[in-house]
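# An overview of the molecular structure
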Amino acid sequence: MPRDIVRRAEAIPATSMIALAIGAAAFGAVAVGALAIGRLVVGRVTVKKARFQTLEVDELTVRKLRVREYDGPPPPA
């Protein structure tokens, strides 16, 4: 009576796993760098021409903009 030989799956070589880990780390580093560059670009938004009701701006570079709305009486000087 012949025996059925069952072959086990080959294990992935250690060098292949190390190469995969290095590739994943490199991909993560590129992604983090792209996010950092994007944040720098968004932080320095340049507006060429804008019009807001009574204010007209020809060119404006903004690093940090804070807008506060206050409907009460003007604060004392």
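Think of each chain on its own: its residues are numbered from 1, step by step along the sequence as written. Restriction of local features to residues with pLDDT of at least 70 applies here, the model being predicted, together with a cutoff of 80 or more for giving and counting side-chain atom pairs; totals for whole chains, interfaces and linings are based on all residues. With hydrogens and water set aside, each side-chain value is computed from the structure's full complement of heavy atoms.

With that out of the way, let us pick up the overall build of the protein chain. Scanning the protein chain from terminus to terminus reveals 1 helix and 4 strands. Seen in sequence order, the protein chain has helices and strands lined up from the N terminus as α-β-β-β-β. Any residue under 20% of the maximum accessible area for its type is buried, any over 50% is exposed, and the rest in between are partly exposed; the area is computed with a 1.4 Å probe on protein chains only. Of all 77 residues assigned to the protein chain, the portion counted as buried reaches 4%. Surface summary for the protein chain: the accessible area is close to 8300 Å², and the carbon and sulfur share equals 63%. Secondary structure elements follow DSSP: runs of H or I of four or more residues count as helices, runs of E of two or more count as strands, with numbering from the N terminus. Methods summary: accessible areas were calculated by the Shrake-Rupley approach with a probe of 1.4 Å, and residue burial reflects only the protein chains presented.

Moving on: the confidence of the model for the protein chain. Per residue, pLDDT measures the predictor's confidence, with a range of 0 to 100. On average, residues of the protein chain carry a pLDDT of 76, and 64% of them reach 70 or more. For the protein chain, the element scoring lowest by mean pLDDT is strand S1 (residues 45-47), at 64; helix H1 (residues 14-43) scores highest, at 88.

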